[in-house]
Amino acid sequence: MRERIWAPLLLLLPLLLPPPLWGGPPDSPRRELELEPGPLQPFDLLYASGAAAYYSGDYRQAVRDLEAALRSHRRLREIRTRCARHCAARHPLAPLGEGPGAELPLFRSLLGRARCYRSCETQRLGGPASRHRVSEDVRSDFQRRVPYNYLQRAYIKLNQLEKAMEAAHTFFVANPEHMEMQQNIENYRATAGVEALQLVDREAKPHLESYNAGVKHYEADDFELAIRHFEQALREYFVEDIECRTLCEGPQRFEEYEYLGYKTGLYEAIADHYMQVLVCQHECVRELATRPGRLSPIENFLPLHYDYLQFAYYRVGEYVKALECAKAYLLCHPDDEDVLDNVDYYESLLDDSIDPASIEAREDLTMFVKRHKLESELIKSAAEGLGFSYTEPNYWIRYGGRQDENRVPSGVNVEGAEVHGLSMGKKLSPKIDRDLREGGPLLYENITFVYNSEQLNGTQRVLLDNVLSEEQCRELHSVATGIMLVGDGYRGKTSPHTPNEKFEGATVLKALKSGYEGRVPLKSARLFYDISEKARRIVESYFMLNSTLYFSYTHMVCRTALSGQQDRRNDLSHPIHADNCLLDPEANECWKEPPAYTFRDYSALLYMNDDFEGGEFIFTEMDAKTVTASIKPKCGRMISFSSGGENPHGVKAVTKGKRCAVALWFTLDPLYRELERIQADEVIAILDQEQQGKHELNINPKDEL
């Protein structure tokens, strides 16, 4: 093992440890947060104090503590980054020698760097670093920006609308599935009387802001400014990359495998530790590629900079730079035919004195990709020796792309002719980038096929009956009665879609918790979980998907017609919309952009009853008027469809009684899995273990009750 793992790891240590990108003493010039007097206060304690103040109704104290917690969290990250870089400059790694003890100088430099880091951190924190170790729950809350959720509520209690909007938007950017927050933002805008008020993301990453500015200038044909912003975005991206990698230093915890140091020798223990650091650093690509809540974290975000730049440089006549950027882009997407054509065209424009073969891909991306590949190879080779499994995502998958087709028509004067495919408008909802198939097996007995896409006058649609039995419908209806909250998912708004109906809802995790608490039978609560999984498997199989379908949101919903408000109704129970893009009936388009849940791929509705009037589910054309199919709900009926602009849909008014269904949204991207579903999976696993233990011990389950 020492030969297989340790030797290559030593060669790669310069990549693992933070380079002295901006060395010098800790006080070297760089923008810092304003220092507060005294030792840095642990952000977890401030966060807990702020949350407690909020729940006690002391909103001013809540704001003070929560804002202080956010400042402390940012300051702690900055201190750790600066100390790591400072010590990397003060203690460069010693080169490896030959013969026995050749690695000792390297160990000495590593220990010196560790002492330096500990001293620097203690000095700048004003106390031991151990005070700032936090639980995984707190770490997760800050990653998901939960403190901003408290802040927006506290600020609105203090009548500070602008700050409430900033906090709400900052939270929503990272949690786009949070329907309540979306509704809050809309309410704040309505209260302020400003529809197009610029919302501020307080946690926005500089490189993303520069990138977005570059895209805007590019679309406005202002290519010089676009180049300036894209180049700035790249500089900021690589600085962020170094910071991300630096923060991977120190203890690491991975669920996939346990730390091996206690049961192996020194070499293997060090190798194991740095392999964990390496995995963390390798996946900084995932973190920095994420535009929170909007794009898949493995989208080709970094290559897109060079894709835009290659055409922008071409438009300003800098053909060498255009060629360098095009070749850089091809490092990640070597089979992109459009950019390959562009390379040929740019080479034809070079002066005769320039050899096209001498123009290489941009050095910044070349070095980045080279390091990424070396890390990937080492992780794969180490996985077997260290006893863990690691499956690397395809970080350079072509998920989206630029908003034009990146093609330069060879021999055409661009100034005098239209560029093929150039789009200056919004990004349209893209066509489904997978094979459109249907008709796969339904997996379960007794399920009745009713209509397919053609019979429903659309694309990727299916209607099925008998997905639930009559008994299951009654049981679910009973569960709904016991657990539903008015306005669940919509900030408690009784009537979020129409003032003429009452809306109630509950999530699958809430159902299981209610089962544990005895408010509904646990068996019935589990039925909600089981039938949603059944629906997922049916959708995955029927549409013949070649990858796993994940839950993105699961919601049991009931709509009740309000008495005395049904005369001459001309509204809908749920307006016409699409599930992953913003429907624009006037333009006859669907824009795949915020605040739409762009990651949703398939949707399904599983009905529980038919003892009501109205409430038909309808598909329409993109004009939101022309009905293409109408479906009357009934017990056990399920309608499923792809979630894009090809399937606008809504619900007709419920004019009498209560209409109940299980609403399901699915995604093909595991990174957008429903958090509550993951927690529900854990609850079910515990239940199954308990049940197995009872069976093995021959315990009557009733005895426990």
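Note that the structure is a prediction, hence the values are computed from the model and not measured.

Caption draft 1: Summary view of the overall build of the protein chain. Across its full length, the protein chain holds 21 helices and 16 strands. By sequence separation, contacts in the protein chain at least 24 residues apart represent 76% of the contacts at least 6 residues apart. Surface accessibility of the protein chain: about 33900 Å² in total, with carbon and sulfur atoms responsible for 50%.

Caption draft 2: Structural detail: unusual backbone geometry. Although it is not a glycine, asparagine 446 adopts a positive phi angle of roughly 75°. Position of asparagine 446 relative to the elements: it lies in the loop between helix H16 (363-386) and strand S1 (448-451). Located in the positive-phi region is asparagine 457, a residue other than glycine, with phi close to 60°.

Caption draft 3: Main features of helix H7 (residues 161-174). Helix length check: H7 (14 residues) gives 20 Å between terminal C-alpha atoms against 20 Å at 1.5 Å per residue, within 8%. Turning to H7, its buried residues number three or more, namely Ala164, Met165, Ala167, Ala168, His169, Thr170, Phe171, Phe172 and Val173.

Caption draft 4: How the structure looks around the pattern of salt bridges. Under the defined criterion, the tally for this structure stands at 20 salt bridges. Where arginine 74 meets glutamate 203, a salt bridge forms, and the shortest distance between an N and an O atom there is 3.1 Å. Of this pair, arginine 74 sits in helix H3 (residues 59-90) while glutamate 203 sits in the loop between helix H8 (179-192) and helix H9 (206-219), placing them 129 residues apart in sequence. Here glutamate 121 ties to arginine 80 by a salt bridge, and the two come within 3.3 Å at their closest N and O atoms. Here glutamate 121, found in helix H4 (residues 104-125), pairs with arginine 80, found in helix H3; they are 41 residues apart in sequence, far enough to count as distant. Overall, glutamate 121 belongs to the buried group, its relative accessible area being 8%. Among the charged side chains, a network of salt bridges with common partners joins Glu231, Arg362 and Asp364.

Caption draft 5: Geometry of the packing of aromatic side chains. Under the definition given, this model contains 31 aromatic pairs. On the numbers, 5.6 Å between centres and 85° between planes, the contact of tyrosine 218 with phenylalanine 223 is edge-to-face. Like phenylalanine 223, tyrosine 218 is buried. Through a chain of ring-to-ring contacts, the aromatic side chains of Tyr211, Tyr218, Phe223, Phe230, Tyr308, Phe311, Tyr314, Tyr319, Tyr345 and Tyr346 assemble into a single cluster. A cation over a ring is seen here: lysine 534 above tyrosine 444, with NZ or CZ 5.0 Å from the ring centre.

Caption draft 6: Region of the structure containing the sheet that holds strand S11 (residues 617-620). Strands sit in the order S6-S14-S11-S12 across an open sheet of 4 strands; the sheet is antiparallel. Looking at which strands have only one partner, the edges of the open sheet turn out to be strand S6 (572-577) and strand S12 (627-631). Strand-to-strand twist in this sheet, taken as the mean axis angle between neighbours without regard to direction, amounts to 20°.

Caption draft 7: Structural view of the sheet that holds strand S3 (residues 485-486). Across the sheet, which stays open at both edges, the 8 strands sit in the order S1-S2-S13-S9-S16-S5-S4-S3 with antiparallel pairing between neighbours. This sheet does not close on itself; its edge strands, each paired only once, are S1 and S3. Across 3 bridges, the pairing between S1 and strand S2 (residues 461-465) is antiparallel. Looking at S2, one finds that threonine 448 is bridged to aspartate 465.

Caption draft 8: Highlighting the packing of helix H2 (residues 43-55) against H3. At a closest axis distance of 8 Å, the pairing of H2 and H3 adopts a crossing angle of 160°. Considered as vectors, H2 and H3 are oriented roughly antiparallel to each other. The way H2 lies across H3 gives a crossing that is left-handed. Of H3, the residues touching H2 (which contributes Phe43, Leu46, Tyr47, Ser49, Gly50, Ala51, Ala53 and Tyr54) are Tyr59, Gln61, Ala62, Asp65, Leu66, Ala68, Ala69, Ser72, His73 and Leu76. For the contact of H2 with H3, the class distribution of residues is 12 nonpolar, 5 polar and 1 charged.

Caption draft 9: Spatial organisation of the confidence of the model for the protein chain. When the pLDDT values of the protein chain are averaged, the result is 78; 75% of them are 70 or greater. In this model, residues 14-18 is a region of pLDDT below 50 whose contacts with residues beyond four sequence positions or in other chains number 20 contacts. Note that residues 20-33 has pLDDT below 50 and, in this model, 36 contacts with residues that lie over four places away or in other chains.

Caption draft 10: Geometry of the state of the cysteines. Taken as a whole and judged by the stated rule, the model has 5 disulfides. Linked covalently through their sulfurs, cysteine 83 and cysteine 120 form a disulfide whose S-S length is 2.1 Å. An S-S torsion of about -75° defines the bridge between cysteine 83 and cysteine 120 as left-handed. Residue cysteine 83 is located in helix H3, and its partner cysteine 120 is located in helix H4; the two are separated by 37 residues in the primary sequence. Owing to a relative accessible area of 0%, cysteine 83 belongs among the buried residues under this scheme.

Caption draft 11: Representation of the side chain of glutamate 504 in the model. Along the polypeptide, glutamate 504 turns up in strand S4 (residues 501-506). Look past the residues within four positions of glutamate 504 in its chain and what remains in contact with it is Met484, Leu485, Val486, Gly487, Met556, Val557, Cys558, Thr560 and Lys658.

Caption draft 12: Structural context of the side chain of glutamine 460. Of note, glutamine 460 is situated in the loop between S1 and S2. According to the relative accessible area criterion, glutamine 460 is buried, its value standing at 2%. A polar contact of 3.3 Å, which involves the side chain of glutamine 460, links it to the backbone oxygen of arginine 437.

Caption draft 13: Quick look at the nonpolar core. Judged by nonpolar contacts, the single largest core of 47 residues is most densely connected at Leu464, Leu476, Val539, Met556, Met638, Val662 and Phe666. Those elements giving two or more residues to this core turn out to be S2, helix H17 (470-483), helix H18 (508-516), helix H19 (522-542), strand S5 (550-561), strand S9 (602-607), strand S16 (658-667) and helix H20 (675-697). A total of 9 residues in this core trace back to one element, the largest contributor, which is H19. Not counting chain neighbours up to four residues away, the residues in contact with valine 539 comprise Leu549, Tyr602, Ala604, Met638, Ser640 and Phe666. Phe43, Cys116, Leu125 and Phe171 belong to the second largest nonpolar core, which has 40 residues in total.

Caption draft 14: Spatial organisation of the environment of proline 585. Here proline 585 lies in the loop between strand S7 (582-584) and strand S8 (589-591). On a C-alpha basis, the gap between proline 585 and proline 648 in space is 10.0 Å, while along the polypeptide they are 63 residues apart. Beyond its immediate stretch of four places on either side in the chain, proline 585 contacts Met622, Asp623 and Ala624.

Caption draft 15: Fine view of the environment of tyrosine 444. For tyrosine 444, the location among the structural elements is in the loop between H16 and S1. Taking the C-alpha atoms as reference points, tyrosine 444 and arginine 537, 93 residues apart in sequence, are found 9.7 Å from one another. With residues up to four places along the chain from it excluded, the contact list for tyrosine 444 reads Lys534, Arg537 and Ile538. A polar contact is formed between the side chain of tyrosine 444 and the side chain of arginine 537, at a distance of 3.2 Å.

Caption draft 16: Looking closely at the packing of helix H6 (residues 146-157) against H7. The N-to-C vectors of H6 and H7 enclose an angle of 160°; their axes lie 8 Å apart at closest approach. In terms of orientation, H6 and H7 fall into the roughly antiparallel class. Seen along the crossing, H6 lies across H7 with a hand that is left-handed. From H6, Val146, Tyr148, Asn149, Leu151, Gln152, Tyr155 and Ile156 reach across to H7, where they touch Leu161, Lys163, Ala164, Ala167, Ala168, Thr170 and Phe171.

What counts and how
Residues numbered from 1 in each chain as written. Predicted model: local features only at pLDDT ≥ 70, side-chain atom pairs only at ≥ 80, totals over all residues. Heavy atoms only, no water. Helix = DSSP H or I, 4+ residues; strand = E, 2+ residues; numbered from the N terminus. Contact = heavy atoms within 4.5 Å. Areas by Shrake-Rupley, 256 points an atom, 1.4 Å probe, with all protein chains shown as cover. Expected span 1.5 Å × (residues − 1). Buried < 20%, exposed > 50% of the residue type's maximum accessible area, 1.4 Å probe, protein only. Salt bridge = Lys/Arg side-chain N within 4 Å of Asp/Glu carboxyl O. Phe/Tyr/Trp six-rings, centres within 6.5 Å; stacked < 30°, edge-to-face > 60°. Lys NZ or Arg CZ within 6 Å of the ring centre and 35° of its normal. Pairing = 2+ DSSP bridges. Axes fitted to C-alpha atoms, helices over the stretch in contact; angles between N-to-C directions. Parallel < 35°, antiparallel > 145°, perpendicular 65-115°, else oblique. Left-handed = near helix turned anticlockwise from the far one by under 90°. Nonpolar A, V, L, I, M, F, W, Y, C, P; charged D, E, K, R; others polar. pLDDT = per-residue confidence, 0-100. Disulfide = S-S within 2.5 Å. Polar contact = N/O pair within 3.5 Å; in protein donor to acceptor, adjacent residues only side chain to side chain. Core = buried A, V, L, I, M, F, W, Y, C linked by side-chain atoms within 4.5 Å.

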